[in-house]
Amino acid sequence: MGYRPLADASRARALFDFAAAPWPEPVTFAWGAWMAGAGGERLIGALAAERHGTTAMLFGPIIDTRVDPKIDVLEVAGQLVTAAIDHATALGAATLYTRPQGLDRVWVRFGFIPVPEVALPAALAGRPGAGLYAWRGGSALWSLREAMG
């Protein structure tokens, strides 16, 4: 399995469409998980992000288990989240948001905490999905009041 940024984020769009998952507009960056096979490499997972100022919204990760049902989905998701956190912070993002999508174990492992919708900046509000998690500097020990102030 290999992980790298997607120069053409639209390559991941088919995975998001297949999973009926929201797609960011505009895409600031995207990461892909690639599996080697007989026909070459195949994109089997992706995560995309939309950024506004010092905040970003992560979309995904989406993993295609049809390629190999033995794929460790949580491992692939974790690798994509790690790459996205590093990428977003390198771009200057201080706070990351995401919709949990049933991956609570992954998000909590990386320091994301549940937050109310009101915590979402206006520039990122109105995105589809239920629930909201936020990450700030890798620690769940931060004040929501501080983030909203």
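A short tour of the structure in this document, coming up. (Residues numbered from 1 in each chain as written. Predicted model: local features only at pLDDT ≥ 70, side-chain atom pairs only at ≥ 80, totals over all residues. Heavy atoms only, no water.)

**Quick notes on the environment of Ile44**
Stage number 1. With respect to the secondary-structure elements, Ile44 resides in strand 3 (residues 40-52).
Stage number 2. The spatial distance from the C-alpha of Ile44 to the C-alpha of Lys70 is 12 Å, given a sequence separation of 26 residues.
Stage number 3. Excluding anything up to four places from it in sequence, Ile44 contacts Met1, Leu15, Ala33, Met35, Ile62, Ile63, Asp64, Val67, Ile71 and Val76. (Helix = DSSP H or I, 4+ residues; strand = E, 2+ residues; numbered from the N terminus. Contact = heavy atoms within 4.5 Å.)

**A look at the pattern of salt bridges**
Stage number 1. Scanning the entire structure with this criterion turns up 7 salt bridges.
Stage number 2. Of the charged contacts in the structure, one is a salt bridge between Arg13 and Glu25, with a shortest N-O distance of 3.8 Å. Here the residue Arg13 occupies a position in helix 1 (residues 13-18), and Glu25 occupies one in the loop between helix 1 and strand 2 (29-37), the gap between them amounting to 12 residues.
Stage number 3. Taking the shortest distance from any N to any O, the salt bridge between Arg127 and Glu50 comes out at 2.5 Å. (Salt bridge = Lys/Arg side-chain N within 4 Å of Asp/Glu carboxyl O.)

**Examining the pairing of strand 2**
Stage number 1. Across the 9 residues of strand 2, 7 count as buried, placing the element largely inside the fold.
Stage number 2. Direction of pairing for strand 1 (residues 2-5) relative to strand 2: antiparallel, over a ladder of 4 bridges. The residue bridging Pro5 from the neighbouring strand is Trp31, located in strand 2.
Stage number 3. For strand 2 and strand 3, the ladder comprises 9 bridges, and the chain directions are antiparallel. In the strand pairing of strand 3, Trp34 is matched with Leu43.
Stage number 4. As consecutive antiparallel partners, strand 2 and strand 3 are separated by 2 residues. (Buried < 20%, exposed > 50% of the residue type's maximum accessible area, 1.4 Å probe, protein only. Pairing = 2+ DSSP bridges.)

**A few points about the packing of aromatic side chains**
Stage number 1. Summed over the entire model, instances satisfying the criterion amount to 3 aromatic pairs.
Stage number 2. Relative to Trp23, the ring of Phe16 has its centre 4.9 Å away and its plane inclined at 75°; by these criteria the two rings are edge-to-face.
Stage number 3. Judged by relative accessible area, which is 14%, Trp23 ranks as buried.
Stage number 4. Each ring, one from Phe112 and one from Trp135, has its centre 6.5 Å from the other, and the planes form 35°; the classification is tilted. Residue Phe112 is found in the loop between helix 3 (104-109) and strand 6 (113-114), and its partner Trp135 is found in strand 7 (residues 133-136); the two are separated by 23 residues along the sequence.
Stage number 5. In textbook terms, an aromatic cluster arises when at least three aromatic residues are bridged by ring pairs, as seen for Trp107, Phe112 and Trp135.
Stage number 6. When the ring centre of Phe18 is taken as reference, the NZ or CZ atom of Arg66 above it lies at 3.9 Å. (Phe/Tyr/Trp six-rings, centres within 6.5 Å; stacked < 30°, edge-to-face > 60°. Lys NZ or Arg CZ within 6 Å of the ring centre and 35° of its normal.)

Function cannot be read off these values alone, since they describe shape.
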